[in-house]
Amino acid sequence: MPIARIARAEQFIRERMVLRAMPFRPDISIHTPTPQSGINAWLAGEGQDNEPPYWAYAWGGGAALALYLHDHPEVVAGRSVLDFGAGSGLVGIAAMKAGARTVLPLEPNPIGQVALKLNAEANGVALDLWTAPGLPQVNVVLAGDVFYSADVVAQTLPLLTQLAGRGAKVLVGDPFRRDLPVDRLELIAEYDVPDMGGPAPVRSGVFALR
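Reference entry: report on the structure contained in this document. (Residues numbered from 1 in each chain as written. Predicted model: local features only at pLDDT ≥ 70, side-chain atom pairs only at ≥ 80, totals over all residues. Heavy atoms only, no water.)

## Observations regarding the nonpolar core
Here is a general trend for soluble globular proteins: nonpolar side chains tend to be buried in one another's company.
And then number 1: Of all hydrophobic cores here, the largest spans 37 residues; its most connected members are F24, V76, V81, L90, A95, L142 and Y191.
And then number 2: If you list the elements that add at least two residues to this core, you get β2 (25-32), α3 (60-71), α4 (90-97), α5 (110-122), β5 (140-144), β7 (185-193) and β8 (202-209).
And then number 3: Here the element with the most residues in this core is α3; it accounts for 7 residues.
And then number 4: Ignoring sequence-local partners within four residues, the contact set of L142 consists of L65, L69, V76, V81, L82, D83, F84, V91, A95 and L171.
And then number 5: Core analysis: the next-biggest nonpolar cluster, separate from the first, contains 20 residues, A143, V146, L157 and F207 among them. (Core = buried A, V, L, I, M, F, W, Y, C linked by side-chain atoms within 4.5 Å. Buried < 20%, exposed > 50% of the residue type's maximum accessible area, 1.4 Å probe, protein only. Helix = DSSP H or I, 4+ residues; strand = E, 2+ residues; numbered from the N terminus. Contact = heavy atoms within 4.5 Å.)

Okay, structure coming up:
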């Protein structure tokens with residue numbers, strides 16, 4: 001992304017979004033839009049009006065993974081981690097707070113890449129964005145909310161299967177969406193968490209890919 005566009009994204013996030021502690025993980029704060037932020041108008045001005053700002057919110061699956069890592073830090077402690085579909089960086093930040101050796105966020109949206117770096121900075125951790133071709137060799141893969149439609153499942157599941165085939169432990173967080181490939185997953189934990197900033201909690205699961 002051009003430097004000028006990165007600078008505009010950083011300015012918007014710092015000035016128009018609120019650094020807010022997550023109610024389910026008050027030790028983690030994320031830059032979050034408010035009704036006064038004007039995020040949709042800003043995105044349209046940046047040519048991103050067809051790209052919903054998924055990176056601006058904590059999704060239910062990511063929230064469940066963040067809680068699971070709080071309860072089970074041994075899963076990532078001392079290990080290399082890929083935050084697959086990182087969005088806001090919430091899950092990667094939770095992994096670093098749990099003692100991960102390194103976290104590589106994989107996030108295709110260029111503004112999302114800016115947001116997750118700012119969120120990591122605000123939480124006093126470092127996330128090393130993965131931009132190289134292919135997928136990295138890691139010990140653990142954390143994938144929050146990556147099965148939200150059949151088309152996305154068709155693209156994502158083979159990649160996660162490939163990573164598991166290399167020896168990585170793959171954990172998925174999801175609020176039991178319709179297209180969740182339950183035949184390939186083992187439920188290992190459940191949490192009631194907010195989804196996309198909504199006030200009502202949703203039941204979300206943490207699953208191991210099998």
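## Some words on helix α1 (residues 3-16)
And then number 1: Taking 1.5 Å as the rise per residue, α1 with 14 residues should run 20 Å; its terminal C-alpha atoms sit 20 Å apart, in good agreement.
And then number 2: Where α1 is concerned, the buried positions are R5, A9, F12 and I13. With its buried residues spanning 95 degrees around the axis, α1 presents them on a single face. The exposed residues of α1 that point more than 90 degrees off its buried face are I3 and E15.
And then number 3: In this structure, the buried residues of α1 make contact with β2, α2 (39-45) and α5. (Expected span 1.5 Å × (residues − 1). Arc of directions from axis to C-beta.)

## Some details on the environment of V138
And then number 1: Looking at where V138 falls in the secondary structure, it is placed in the loop between α5 and β5.
And then number 2: Linking V138 and L163, residues 25 residues apart in sequence, is a C-alpha distance of 8.2 Å.
And then number 3: When sequence neighbours within four positions are dropped, the list of residues in contact with V138 reads S80, V81, L82, L104 and A168.

## Describing α4
And then number 1: Most of α4 is tucked away, with 6 of its 8 residues classed as buried.
And then number 2: Where α4 is concerned, the buried positions are L90, V91, G92, I93, A94 and A95.
And then number 3: Positive backbone phi, at 100 degrees, marks G99, one or two positions downstream of α4.

## A word on the pairing of strand β6 (residues 169-174)
And then number 1: Burial analysis of β6 places 5 of its 6 residues in the buried class, the great majority of the element.
And then number 2: Where β5 and β6 come together, 5 bridges link them in parallel fashion. Opposite V141, over in β6, you have V170 as the bridge partner.
And then number 3: In this sheet, β8 lies alongside β6 in antiparallel orientation, the contact comprising 4 bridges. For G173, the partnering residue across the bridge sits in β8 and is V206. (Pairing = 2+ DSSP bridges.)

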